[in-house]
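Each chain, letter by letter, is given below.
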Amino acid sequence: MFPLIGKTIIFDNFPDPSDTWEITETIGKGTYGKVFKVLNKKNGQKAAVKILDPIHDIDEEIEAEYNILKSLSDHPNVVRFYGIYFKKDKVNGDKLWLVLELCNGGSVTDLVKGFLKRGERMSEPLIAYILHEALMGLQHLHNNKTIHRDVKGNNILLTTEGGVKLVDFGVSAQLTSTWHRRNTSVGTPFWMAPEVIACEQQLDTTYDARCDTWSLGITAIELGDGDPPLADLHPMRALFKIPRNPPPQLRQPELWSAEFNDFISKCLTKDYEKRPTVSDLLQHKFITQIEGKDVMLQKQLMEFIGIHQCMGGTEKARHERIHTKKGNFNRSLISNLKDVDDLATLEVLDENAVSEQLEKCYSRDQIYIYVGDILIALNPFQSLGLYSTKK
Ligand code: 4QG
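As the structure is a computational prediction, the values presented were derived from the model and not from experiment. (Residues numbered from 1 in each chain as written. Predicted model: local features only at pLDDT ≥ 70, side-chain atom pairs only at ≥ 80, totals over all residues. Heavy atoms only, no water.)

Undergrad: I'd like a description of the sheet that holds strand S9 (residues 164-166), backed by residues and values.
TA: Strand order in the open sheet made by the three strands is S6-S8-S9, with antiparallel pairing throughout. At either end of the open sheet lies a strand with only one pairing partner, and these are strand S6 (106-107) and S9. Across two bridges, the pairing between S6 and strand S8 (residues 156-158) is antiparallel. Paired with Ser107 across the two strands is Leu157, which belongs to S8. (Pairing = 2+ DSSP bridges. Helix = DSSP H or I, 4+ residues; strand = E, 2+ residues; numbered from the N terminus.)

Undergrad: Pulling in residues and values, what's your account of the site of the ligand?
TA: Looking at the ligand, there are 15 residues lining it, with Ile27, Lys50, Leu100, Cys103 and Leu157 nearest. Taking Cys103, its main chain carries an N or O atom lying 2.9 Å from a nitrogen atom of the ligand. In isolation the ligand exposes 480 Å². Once the protein is present, 90% of that is buried. Class assignment of the residues belonging to the shell around the ligand gives a composition of nine nonpolar, two polar and four charged. (Near = heavy atom within 4 Å. Polar contact = N/O pair within 3.5 Å; in protein donor to acceptor, adjacent residues only side chain to side chain. Areas by Shrake-Rupley, 256 points an atom, 1.4 Å probe, with all protein chains shown as cover. Nonpolar A, V, L, I, M, F, W, Y, C, P; charged D, E, K, R; others polar.)

Undergrad: Summarise the packing of helix H8 (residues 235-244) against helix H14 (residues 351-363); cite the residues concerned and give the values.
TA: One way to put it is that H8 packs onto H14 with a least axis distance of 10 Å and a crossing angle of 130°. In this view, H8 runs oblique relative to H14, as classed from their interaxial angle. Crossing of H8 against H14: the hand is right-handed. Note on element contacts: H14 touches H8 through Asn352, Ala353, Ser355 and Glu356, opposite Met236, Arg237, Phe240, Lys241 and Arg244. Class assignment of the residues belonging to the contact of H8 with H14 gives a composition of three nonpolar, two polar and four charged. (Axes fitted to C-alpha atoms, helices over the stretch in contact; angles between N-to-C directions. Parallel < 35°, antiparallel > 145°, perpendicular 65-115°, else oblique. Left-handed = near helix turned anticlockwise from the far one by under 90°. Contact = heavy atoms within 4.5 Å.)

Undergrad: With reference to specific residues and values, describe the pattern of salt bridges.
TA: Inspection of every chain in the model, using the stated rule, returns 16 salt bridges. A salt bridge links Lys113 to Asp227; its shortest N-O distance comes to 3.0 Å. On the criterion of sequence distance, the pair formed by Lys113 in helix H3 (residues 108-117) and Asp227 in the loop between helix H7 (210-225) and H8 is long-range, its members being 114 residues apart. Judged by its relative accessible area of 26%, Lys113 falls in the partly exposed class. (Salt bridge = Lys/Arg side-chain N within 4 Å of Asp/Glu carboxyl O. Buried < 20%, exposed > 50% of the residue type's maximum accessible area, 1.4 Å probe, protein only.)

Undergrad: Which residues make up the confidence of the model for the chain, and what values go with them?
TA: When pLDDT is averaged along the chain, the result is 88; 88% of the residues meet or exceed 70. Below a pLDDT of 50 lies the segment residues 1-9, which in the model reaches five contacts outside its immediate sequence neighbourhood of four places, other chains included. (pLDDT = per-residue confidence, 0-100.)

Here is the structure:
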């Protein structure tokens, strides 16, 4: 009741977008949720609009995104915020419009995929330039007590001027009012830090801004290899593996410089208390190599963006973000696993695969499952109406 009343009052005060902005095309075919290209009817300015649904989207995510854009978007490496609007719509439901800077160069994920498609790699100085700019944006967030929590190539966008911008603060945490959300596990599985994943299963763990350092390390691997480590696994299995595996590396470390390998290994320190902060990383040799070359690299980046745009986009793999509260293991991911009624028939047969299947059976109240000839019975801790006391 109360949130609805509150929202109606607040949102009603925002102007209607239709007087100013007109949608011209869809951006990224759903990669970023509902994001469109818009045109300012009054002055011809182009922008992007992210459309939020105040009824169906998560309240805290709308609030986080709006607050962060409002207070922190005045930085060269954060997407610029142009305004918030409220569009009344009786048929499809009222919507919030966040009008943002248009990043016409696409994401750095698209850029690296374009390189690999042509049988080329991105040069290390170019990777260092992109990572330097992303680090500057993250440092600005961290200095202002904000953790991004969903750092990945798809959330690092490029402008046609060779600018590098962080986007998507829907799951970011700010020390003001919502800091308690550090007790929740959010992010996109392949990029998530081990301590963030652990937060979902153990009640006594927490994390700090250095989870963004880990995700940036995974993004560094993505810029080299085109994909994050474990990308061929089901996201649920990746969540099991990340805390158990040694820190990941580039697919072929010998193809890259000692500095790049060292930068990645520093980012991917499993114990976050020993992991560097983004300010520490700005002093790393791999990043400082660009000093004095930034204007040249920015120009180079602009050229590559132009080339890739002419070649046309690549098909986009959507990696879904997850959001779970402590002790509430993500059901939607589990239900995406293939069902088996005999564990011996699993395509991959290891401890993780078996425990994932058992968890899934348990979650749908299926208490019996075979392993070959052996029947396993899970204790459902409740009556499932399978048996009665009658003879
Ligand atoms: C945004 C423009 C790709 C996305 C969020 C702003 C998510 C773009 C964009 O996306 N500009 C992306 C063009 C944005 C392309 C802003 C392209 C905020 N040409 O592929 Cl959360």
